[in-house]
Amino acid sequence: PLASTDFLIAGPQQKGHDPAAIKGLRDAAVALGRIAQAQVPFLTRADGSGTHLAEQALWRAAGIAPQTPWYRGASAEGLGLLQQARDAGACTLVDRASWLAAPVAAKAGLGVLVEGDPRLATSVSVQRSFRTSHPAGKLFGRWLAGQAARRIVARSAGLRPPPR
């Protein structure tokens, strides 16, 4: 274990405008159900990443198979996920550390709509390959599990060091 963080659902945040009525919800599955019901645009990473897999698990928990035209994949080219969501007026799933690290301009007009669901919690781990046993890999793994890396994680917004 290297760190823990959580995901949140971000989306358009304009005065009094919440088309899916999800702002402040703590149940991600209910929020996704409302997004689907209202067909509010949702931008997915669609890249097989940990964020994408977590999102897919949440859709399954909600009992929903998202579909176009309101459910769209983000482009791998050009703008980042938050900028694409902003430009599309879409909701998206993002980890808290990425949200906090994003430039203000990238998330202008977006806000945190859903957070606090235990299903949104996630951990970051490192694992060395079992196929090869390179000394540098062992050294790097020990460094990541050590005090120096724990101090870096503790100073990083949105991340928490693992419990001892």
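Our subject is the structure listed above.
The structure displayed is predicted, hence computed values, not measured ones.

Describing the overall build of the protein
Piece 1. If you tally the helices and strands in the protein, you get six helices and six strands.
Piece 2. Each helix and strand of the protein, placed in order from N terminus to C terminus, yields the pattern β-α-β-α-β-α-β-α-β-β-α-α.
Piece 3. C-alpha extents for the protein along the principal axes are approximately 55 × 30 × 30 Å.
Piece 4. In the protein, which comprises 164 residues, the proportion classed as buried is 37%.
Piece 5. When contacts within the protein are restricted to residue pairs at least 6 apart in sequence, long-range pairs at least 24 apart make up 69% of them.
Piece 6. Just so you have it, the protein exposes about 9400 Å², and 57% of that area is on carbon and sulfur atoms.
Piece 7. Taking the average location of the 20 positive side-chain charges in the protein and that of its 10 negative ones, the two points are 11 Å from each other.

Some remarks on the side chain of K107
Piece 1. Here K107 shows up in the loop between α4 (96-101) and β5 (110-114).
Piece 2. D95 provides the closest opposite charge to the buried, salt-bridge-free K107, at an N-O distance of 11 Å.
Piece 3. For K107, the contacting residues outside a window of four places in its chain are W99, L100 and A102.

Topic: unusual backbone geometry
Piece 1. The amide bond that connects T68 to the next residue, P69, takes the cis arrangement and shows omega of 15°.
Piece 2. Inspection of the secondary structure puts P69 in the loop between α2 (50-62) and β3 (71-73).
Piece 3. The phi angle at Q39 is positive, at roughly 50°, despite the residue not being glycine.
Piece 4. For A46, which is not glycine, the phi torsion reads 50° and is therefore positive.
Piece 5. The topology assignment puts A46 in the loop between β2 (42-44) and α2.

Thresholds, definitions, all that
Residues numbered from 1 in each chain as written. Predicted model: local features only at pLDDT ≥ 70, side-chain atom pairs only at ≥ 80, totals over all residues. Heavy atoms only, no water. Helix = DSSP H or I, 4+ residues; strand = E, 2+ residues; numbered from the N terminus. Buried < 20%, exposed > 50% of the residue type's maximum accessible area, 1.4 Å probe, protein only. Contact = heavy atoms within 4.5 Å. Areas by Shrake-Rupley, 256 points an atom, 1.4 Å probe, with all protein chains shown as cover. Lys, Arg positive; Asp, Glu negative; His and termini not counted. Charge placed at Lys NZ, Arg CZ, Asp CG, Glu CD. Salt bridge = Lys/Arg side-chain N within 4 Å of Asp/Glu carboxyl O.

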